[in-house]
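# Coordinates in review
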Amino acid sequence: MTDTTNLTRRRLLAAGATASLTGLVSGGVFAAGSDKPEKTEVKVGFIPLTDCASVVMASVLGFDKKYGIKIVPSKESSWASVRDKLVNGELDAAHVLYGLVYGVQMGIGGPKKDMAVLMSLNQNGQAISLSKKLAEARAVDGPSLAKVMSKDKREYSFAQTFPTGTHAMWLYYWLASYGINPMKDAKVITVPPPQMVANMRVGNMDGFCVGEPWNHRAIVDGVGITAATTQDIWKDHPEKTLGTSLEWVKKYPNTARALVAAVLEASRWIDASMSNKVKMAETIADKSYVNTSVDVINQRILGRYQNGLGKTWDDPNTMKFYNDGTVNFPYLSDGMWFMTQHRRWGLLKSDPDYLAVASSVNQVALYREAAAMAKADVPKSPMRSAKLIDGVVWDGKNPAAYAAAFKIKV
């Protein structure tokens, strides 16, 4: 039996065995027995953020051609626009907030549609910024912010980028860890990432949580300081995903697999060396992508942090795109965590079947096949555990109890 026949047989067996997890019908993974992509041009949306890099570099460096597809990056104005275009099919897939995908899956605050997480794109590398005005009042981190807010009673406004998204969840978790209830003690607003710094400049918010390079840009522009990084909240936390609709995965499974393999290769390339990271920063700084100076991107990509108040440090847990394949695996426990936070903050009115939903959304079997094509390492378990900033351990074992146990919640 040839290697190709063996590979195809293994894939078919894997597809059949995991059909209930992936949402794909048994044997429906291939088009007429062929691995050839059903759709060769793939329109992938992105928001101008550093962590769109693997999608952009897969296109720029030609990794997509290797797998028989052409990635067409599409710059989008807001996460709401990305959501709507994924739902209506204007985009094939997108660089998208993990929590946004689950928000659509559960029908929170907008259209409900069965969605798919093809892979995770990055870990770490977001931050929480506070205004210079707050810093001058000596609110420079969580404890000092709580102290200032308790003494100076007024309305405090904090911005996130999308109601069910990662930045909202990091902001809420961080505030609550210091006794600040984001739903009662503050006003929370939604602002697209590229507009954060301009809004802080004119005094529209006291703080925000967003992806890079906009936290560093706030420092460069003299309007904000970095109070915390998201890796402080959860080391190696999930962040953006390569997301699409489940309908699209079912219709174009080979294309989906080729897309994942191409982006995996780009992810590995970025993390392979400092020089690659610098080249990546130079590429995505262009006005057609992030539209900022290279220095604003590459400092934090290289792990060189400053808080805007004179403190500098080298962060070993800066944004990761590959890290021997551990970044990209669509862990079921990651998807489940976002649902626990949606439940905690009242976005979900009751506990879903956390594992069943995550098993439907996160395309574990398809990812494994794509990783085999790209010769990427794959973690053994679809579950992982971590201790977050408040000392609470998340392991996915009892999500309903975990969501209910927080002192500060809706």
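In this report, we go over the structure that sits alongside the text. (Residues numbered from 1 in each chain as written. Predicted model: local features only at pLDDT ≥ 70, side-chain atom pairs only at ≥ 80, totals over all residues. Heavy atoms only, no water.)

A separate point is the overall build of the chain. Counting secondary structure elements, the chain contains 20 helices and 14 strands. The C-alpha radius of gyration of the chain comes to 21 Å, within 12% of the 22 Å expected for a compact globule of 410 residues. Among the 410 residues that make up the chain, the fraction classed as buried is 60%. Across the chain, every contact between residues at least 6 apart in sequence was considered, and the portion connecting residues at least 24 apart equals 77%. For the chain, the computed accessible surface area is about 15600 Å², with 50% contributed by carbon and sulfur atoms. Separation of charge centres in the chain, based on 49 positive and 38 negative side chains, amounts to 2 Å. (Helix = DSSP H or I, 4+ residues; strand = E, 2+ residues; numbered from the N terminus. Rg over C-alpha atoms; globule rule 2.2 N^0.38 Å. Buried < 20%, exposed > 50% of the residue type's maximum accessible area, 1.4 Å probe, protein only. Contact = heavy atoms within 4.5 Å. Areas by Shrake-Rupley, 256 points an atom, 1.4 Å probe, with all protein chains shown as cover. Lys, Arg positive; Asp, Glu negative; His and termini not counted. Charge placed at Lys NZ, Arg CZ, Asp CG, Glu CD.)

Our focus in this paragraph is helix H5 (residues 79-88). Every buried residue of H5 is listed here: Trp79, Ser81, Val82, Arg83 and Leu86. In the stretch just after H5, Gly89 is the one whose phi turns positive, near 85°.

In this model, Glu212 is joined to Pro213 through a cis peptide bond whose omega is 15°. You can see Pro213 is positioned in the loop between strand S8 (207-211) and helix H11 (214-220). The phi dihedral of Asn124 is positive, around 65°, even though this residue is not glycine. In this structure, Lys375 is a non-glycine residue whose phi angle is positive, near 55°. Of note, Lys375 is situated in the loop between helix H19 (364-374) and strand S13 (386-387). Assessed through its relative accessible area of 70%, Lys375 is described here as exposed.

A few words now on helix H15 (residues 274-284). Structural remark: α-helix, 3.6 residues per turn; residues separated by three or four positions point the same way. Three or more residues of H15 are buried, namely Asn276, Lys277, Met280, Ala281, Thr283 and Ile284. Taken end-on, H15 shows its buried residues confined to a sector of 160°, consistent with a single buried face. Buried residues along H15 sit against helix H3 (53-60), helix H14 (253-271) and helix H16 (294-301). (Arc of directions from axis to C-beta.)

Bringing the pattern of salt bridges into the picture now. In total, this model carries 17 salt bridges according to the counting rule given. The salt bridge involving Asp206 is made with Arg154; its shortest N-O contact spans 2.8 Å. A residue pair is termed long-range when its members are at least 10 positions apart, and Asp206 in the loop between helix H10 (196-201) and S8 and Arg154 in the loop between helix H8 (142-151) and strand S6 (157-160) qualify at 52 residues. Residue classification places Asp206 among the buried residues on the basis of a relative accessible area of 8%. Assessed through its relative accessible area of 34%, Arg154 is described here as partly exposed. In this structure, the salt-bridge partner of Arg300 is Glu212, at a minimum N-O distance of 2.7 Å. Here the residue Arg300 occupies a position in helix H16, and Glu212 occupies one in the loop between S8 and H11, the gap between them amounting to 88 residues. Three or more residues joined by partner-sharing salt bridges are found here, namely Asp51, Glu239 and Lys240. (Salt bridge = Lys/Arg side-chain N within 4 Å of Asp/Glu carboxyl O.)

All right, on to the nonpolar core then. Core analysis: the biggest nonpolar cluster contains 131 residues, and Leu145, Leu242, Leu259 and Trp337 have the highest contact counts within it. Take this core: its biggest share by element is 11 residues, from H14. Not counting the four nearest positions on each side in its chain, Leu145 is found in contact with Leu130, Leu134, Ala139, Phe158, Trp174, Leu175 and Ile180. (Core = buried A, V, L, I, M, F, W, Y, C linked by side-chain atoms within 4.5 Å.)

Here the focus is the sheet that holds strand S3 (residues 93-97). Taken in spatial order, the five strands line up as S2-S1-S3-S10-S4 in an open sheet, and their pairing is mixed. Edge positions in the open sheet fall to strand S2 (70-75) and strand S4 (115-120), since each of these has one partner strand only. When strand polarity is set aside, the average angle formed by the axes of neighbouring strands in this sheet is 30°. Judged from the six bridges that link them, strand S1 (residues 41-46) and S2 form a sheet pairing that is parallel. Following the sheet pairing, Glu41 is matched in S2 by Lys70. Against the sheet, H14 makes contact with S1, S2, S3, S4 and strand S10 (240-245), and its axis sits at roughly 30° relative to S4, the strand it touches most. (Pairing = 2+ DSSP bridges. Axes fitted to C-alpha atoms, helices over the stretch in contact; angles between N-to-C directions.)

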